[in-house]
Each structure stands twice: as C-alpha cells, then as structure tokens.
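Each chain, written out:
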Amino acid sequence: RYDPTWGSLDARPLPAWFDEAKFGVFIHWGVFSVPSFGSEWFWWYWQKEKREPYVKFMETNYPPGFSYEGFGPLFTAEFFDANQWADILKASGAKYVVLTSKHHEGFTLWGSKYSWNWNAVDVGPKRDLVAELATSVRNRTDLHFGLYHSLFEWFNPLFLEDATNAFKTRKFPTSKSLPELYEIVTKYQPEIIWSDGDGNAPDTYWNSTGFLAWLYNDSPVRDTVVTNDRWGAGSICAHGGFYTCSDRYNPGRLLPHKWENCMTIDRGSWGYRRDARLRDYLAIEDLVKQLVETVSCGGNLLMNIGPTHDGRIAVVFEERLRQVGAWLKVNGEAIYGTKPWRAQNDTVTPGVWYTSSPKEGKVNAIFLNWPVSGILELGEPQAKLGETQVKLSGYKDLLKWVALGEKGMVIALPQLTPQQLPCQWGWTLQLTDVN
C-alpha cells in the first residue's frame, strides 16, 4: 500500500500500458467553445486581464451586461455523436484519449452534484458528455479513456476566499475540487487522471497526496491508472506519475523519467477558435516530426484538438488525425511498444531519429527527409557484414548497404516514384543485428 507522501507515491511503478501506448489525443471542450475566440482562457482574458481584443469582441457582438455564464445555455452539442468521435480517435492510431472533464471555468461535462447548475446535464446540452464518450470509446476502440480535471477555478468565490487567506483555509478543495475527483474516478473509472491548474496553491492545500494514495490503493482503477505531475505548486516535473514539465514540452534529449509532450494542432489555442487561419494549424509533416522526436527521447505525444460548441470535430482536425493514423499504419512498429536506443538522433544525417524494438532485435531509424541522391548515410549503427539486414517499412525487398569502418553505414534506398512510396511524411528503416 502507498502512503500519502510523495516519497511513497513516487515509488509506484508506472503501469506498463502507458509507456507502450506512445500516442494519445487530448480534447479541450467546454463553455469556452461557445465564444471560440482567441483562446480557451477567454473568460480570464476578457474579465480579469481585460485584454483589448476580448473586450472589443464582447462589446461588438453581445449585449451590455452579458456575463460568461450566459454562454452556458449556448453550449449545445447538438451534433455531438460519441460514436463518430470514437471512430475518428481509432483511425488516428492513438492508444489513449484525454477529455477535459472540467477546465478552469469550473463547468463540468458530467452532471456533477458538486457543480450545481454549472454542468452539461443541467445547462446547455442536457447530456452527460463524459459518459457518452467513455461508453463509445470502450465499445468501439481499444483506446484507454482518460480525464483532464482542473484543480482550481478562476472565479469560484470559495477558491478566491481561500486564496485571500493565503490558502490557510481549504473551503474550495474540500467542498468542490476533491469531491469531483472522487466522483469522476468512481463513476467513469478513467485510466488517466490528467490534473492541471494548481492556482499557485501547494499540494497540501489540494490534499493531492491523500487523493493519490486513495487512487493507487483503493480506487476501482488502482492497478491501471496513470497520473501526471500537476498536483500543486512545485510538483510539476518533480512528483506524480509521468512528467509534463510544461505545455508543448519537447526537450530533444533522453530524460530519466517517463514524460509526455502535450501539444496542440492549433499553435495558438487548446480550445476551438473560429478566428484561426490555416497557417495556425500544424501540418502533418510537423506532427510526424513531433511524434518521432518525442518517442525517440522516451516520451509520449498527447496531440490536442478542440471541438466546436455544437459537438463537431472540425474537418481540419479530423484530417490531421487520420493522416497520423495512416502514417502509423505503415510505421507503427517503430513507435508502439518501443524503447529509446543508445542514440536518439543521428550524428551524421540530420532528421534521423532512432527507437529500438528489443524483443524483435531491431533498431528503427526513422528519417524525415528522403535524400535526393537515394543514398542515406547513418553515423550511429555498427553494421556486421553478412549479418545486418536493412528493411524499409512498407516495402518488400531487403536494401543494400555498405559499412563505414567501425561505426556507420551507407544505405541504398529503392528507386520509387512518389506513388510507390510506402508513406509520405517520414520513413522507417528496420535494422536487424546492429550493435
């Protein structure tokens, strides 16, 4: 059993499925999807920071005195089809999904009894969105279902009162935040709890170690659940399950602790933005590069989409997810279930990243640029004449190669037309019997 101390909790081994999964989809959906302008931090930027574009947007488009709560009934989800979402998630090749059950605005996507009249069952869709997605994901896919939950809420009077008291009082966590966490775990049995938003309060204020001890010892998901590192001021990148360290974290080197790169397809926002331009969305080449770099350095990639207020996954997000899925269909062996190799990227040719498949005795060299010469030089592998074999994923014949002294090899790639290439945005060489 685990004690409610970081020393004890941090010693819990991370359930193996998470490291093997490598790729998940993040979904930021909530009342902020109604204004769908600027950012999912809309309420804060408009009311607290009074940023000019937000103030102007409200003055131009809404009657005077309109409050953020007024967006609640407009969060309608009439096109939300959980089965359709599940099918898109499956097609993406992702192995897990994390839905925002509650963001910093405090609106819960399930009918929480601790969020009276500010939840998706009482207001707006009048539906339990968490339950619908959980059911579809479990019935139609093999993805692990996870939930994001914000500890703090920007404008909750109880939180603001506790903050004024320098967090010496704990009205908010005991009456709202913690009961919600116990509620979602018991009700939906998520295999990931993705915590966020500590409001600059310490983990003792949130009783994070108490909650995690219950989660790991006595909860219905105690054996499989995975947690992140956002459990109070100072815990990020230091305590919890896997480390996130910061948003869009991609260190480009091997880390000693399991980590995750959570990033967005829309460079400017996590929630849906009607004002986004095409150039704001990462291209599939960028996404494949992020995935390959992240996995070769021992991380998982959590790629975010923001659905619309009426429950649609915008076509641009669907296309990107299906493109990643198509790429993984060909190259998945170099991603899923792999381990970092002794070298993460190549010393001679830029844009080459390594993973290893120890069970199969393979090293995977993923190259992001097809060389014009048709010859790829690798500085890291130590090839053995008569033993080493080189195969291009999605292509039937073995490739010819020459060793370069003690270390390194030159590989002749097959001469293929663009139509004959096994995929379009990065290719995998499977090397067997290299040192």
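Residues numbered from 1 in each chain as written. Predicted model: local features only at pLDDT ≥ 70, side-chain atom pairs only at ≥ 80, totals over all residues. Heavy atoms only, no water.

J.: Mind showing me how you'd approach unusual backbone geometry here?
T.: Leave glycine aside and you will find that most residues have negative phi; peptide bonds, for their part, are mostly trans. Positive phi, normally seen in glycine, also occurs at serine 36, with a value near 40°. Positionally, serine 36 belongs in the loop between β1 (23-27) and α3 (42-48). Judged by relative accessible area, serine 36 falls into the buried class, the value being 2%. (Helix = DSSP H or I, 4+ residues; strand = E, 2+ residues; numbered from the N terminus. Buried < 20%, exposed > 50% of the residue type's maximum accessible area, 1.4 Å probe, protein only.)

J.: Sorry if this is basic, but what is going on with the nonpolar core here?
T.: Side chains of a nonpolar character, in soluble globular proteins, are inclined to be buried together. By size, the foremost hydrophobic cluster in this structure holds 127 residues, and its most contacted members are Leu215, Trp327 and Leu429. Viewed by domain, this core spans two of them, domain 1 (6-334) and domain 2 (339-432), each represented by three or more residues. Those residues within four positions of leucine 429 in sequence are excluded, and the remaining contacts are Val363, Asn364, Ala365, Phe367, Leu376, Val390, Lys391, Leu392, Leu399, Ile411 and Leu413. Residues Val226, Phe242, Cys262 and Leu302 belong to the second largest nonpolar core, which totals 14 residues. (Core = buried A, V, L, I, M, F, W, Y, C linked by side-chain atoms within 4.5 Å. Domains from an automatic or database assignment. Contact = heavy atoms within 4.5 Å.)

J.: How do you make sense of the pairing of strand β12 (residues 400-403) when you look at a structure like this?
T.: Strand residues, when the strand is regular, have side chains that alternate between the two faces of the sheet. Bridge analysis of β12 against strand β13 (residues 409-412) gives four bridges, and the strand direction is antiparallel. Paired with lysine 400 across the strands is alanine 412, a residue of β13. Here β12 hands over to β13 after five residues, with glycine 405 in that stretch at a positive phi of 60°. (Pairing = 2+ DSSP bridges.)

J.: Even after reading the chapter, I still don't get the packing of helix α8 (residues 171-188) against helix α10 (residues 208-217), so can you show me in this structure?
T.: Helix-helix packing: each pair is described by the crossing angle between the helix axes and the interaxial distance. The contact between α8 and α10 brings their axes to 11 Å, and the two run at 15°. Considering the angle they form, α8 stands roughly parallel to α10. Considering the relative orientation of α8 and α10, their crossing is right-handed. Note on element contacts: α10 touches α8 through Gly210, Phe211, Trp214 and Leu215, opposite Leu178, Leu181, Tyr182, Val185 and Thr186. A breakdown of the residues in the contact of α8 with α10 according to their chemical character gives seven nonpolar, two polar and no charged. (Axes fitted to C-alpha atoms, helices over the stretch in contact; angles between N-to-C directions. Parallel < 35°, antiparallel > 145°, perpendicular 65-115°, else oblique. Left-handed = near helix turned anticlockwise from the far one by under 90°. Nonpolar A, V, L, I, M, F, W, Y, C, P; charged D, E, K, R; others polar.)

J.: Just to check I follow, could you spell out the UniProt feature "domain: Glycoside hydrolase family 29 N-terminal" (unreviewed entry) in the protein for this structure?
T.: UniProt's entry tags residues 1-333 with the feature "domain: Glycoside hydrolase family 29 N-terminal" (unreviewed entry), counted in the numbering of this structure. From the first C-alpha to the last, residues 1-333 spans 36 Å; its make-up is 36% helix and 12% strand. (UniProt positions renumbered as here; feature names shortened; annotations may be inferred.)

J.: Would you mind showing me how to read the state of the cysteines here?
T.: Two cysteines joined by a covalent bond between their sulfur atoms form a disulfide. Considering all chains together, one arrives at one disulfide under this definition. Cysteine 245 supplies the cysteine sulfur nearest to cysteine 297, a cysteine that is in no disulfide, at a spacing of 13 Å. Residue class for cysteine 297 comes out buried when judged on its relative accessible area of 0%. (Disulfide = S-S within 2.5 Å.)

J.: Whenever I open this one, the packing of aromatic side chains confuses me. Can you help?
T.: To describe a pair of aromatic rings, you give the distance between the ring centres and the angle between the ring planes. Within this structure, the stated rule accounts for 54 aromatic pairs. Plain terms: the ring middles of phenylalanine 367 and tryptophan 370 are 5.7 Å apart, the flat faces sit at 45° to each other, and that makes the pair tilted. Under the relative-accessibility criterion, phenylalanine 367 is labelled buried at 1%. One cation-aromatic arrangement involves arginine 12 over tyrosine 216; the distance from NZ or CZ to the ring centre is 4.0 Å. The side chain of lysine 95 reaches across the aromatic face of tyrosine 336, ending 4.7 Å from its centre. (Phe/Tyr/Trp six-rings, centres within 6.5 Å; stacked < 30°, edge-to-face > 60°. Lys NZ or Arg CZ within 6 Å of the ring centre and 35° of its normal.)

J.: Help me out: how do you make sense of the domain arrangement of the protein in this one?
T.: When its domains are assigned, the protein resolves into domain 1 (6-334) and domain 2 (339-432). For domain 1 and domain 2, the distance between their C-alpha centres works out to 37 Å. Contacts between the two partners involve 19 residues from domain 1 and, on the opposite side, 20 residues from domain 2. Of the roughly 1700 Å² buried between domain 1 and domain 2, counting both surfaces, carbon and sulfur atoms make up 65%. On the domain 1 side of the interface with domain 2, the three residues burying the most area are Ser296, Val330 and Ala334, jointly 29% of the side's total. The shortest N-O distance in the salt bridge between aspartate 19 and lysine 339 comes to 2.9 Å. Going through the elements one at a time, α11 (284-296) and α12 (315-331) are the ones with two or more residues in the side of domain 1 that touches domain 2. With eight residues, α11 is the single largest residue contributor to the side of domain 1 that touches domain 2. (Buried area = accessible area lost by both parts, 1.4 Å probe. Salt bridge = Lys/Arg side-chain N within 4 Å of Asp/Glu carboxyl O.)

J.: Please explain the pairing of strand β14 (residues 427-432) as it appears in this structure.
T.: Counting buried positions along β14 yields six of six residues, so the element is predominantly enclosed. The side-chain alternation of β14 yields two buried faces, one formed by Trp427, Leu429 and Leu431 and the other by Thr428, Gln430 and Thr432. In the sheet, strand β9 (residues 362-367) pairs with β14 via six bridges, with the strands oriented antiparallel. Paired with isoleucine 366 across the bridge in β14 is threonine 428. Bridge analysis of strand β11 (residues 389-392) against β14 gives four bridges, and the strand direction is antiparallel. Its bridge partner lying in β14, leucine 392 is registered against leucine 429.

J.: Any chance you could explain the sheet that holds strand β5 (residues 226-227) here in plain terms?
T.: In sheet architecture, strand pairing relies on hydrogen bonds along the backbone and comes in two forms, parallel and antiparallel. If you walk across this open sheet you meet the seven strands as β5-β4-β3-β2-β1-β7-β6, and the pairing is parallel. Each end of this open sheet is capped by a strand with a single partner; those strands are β5 and β6 (259-264). Pairing geometry for β6 and strand β7 (residues 299-305), over six bridges, is parallel. Counterpart to methionine 263 in the pairing with β7 is methionine 303. Sheet strands touched by α11: β1, β6 and β7. Its angle to β7, the strand with the most contacts, is close to 150°.

J.: Any chance you could explain the sheet that holds β14 here in plain terms?
T.: With antiparallel pairing, four strands are arranged side by side in an open sheet as β8-β9-β14-β11. Unpaired on one side and paired on the other, β8 (352-357) and β11 mark the two borders of the sheet. Neighbour-to-neighbour, the strand axes of this sheet turn through a mean angle of 25°, independent of strand direction. Where α11 meets the sheet, its contacts fall on β8 and β9, and the angle it forms with β8 comes to roughly 50°.

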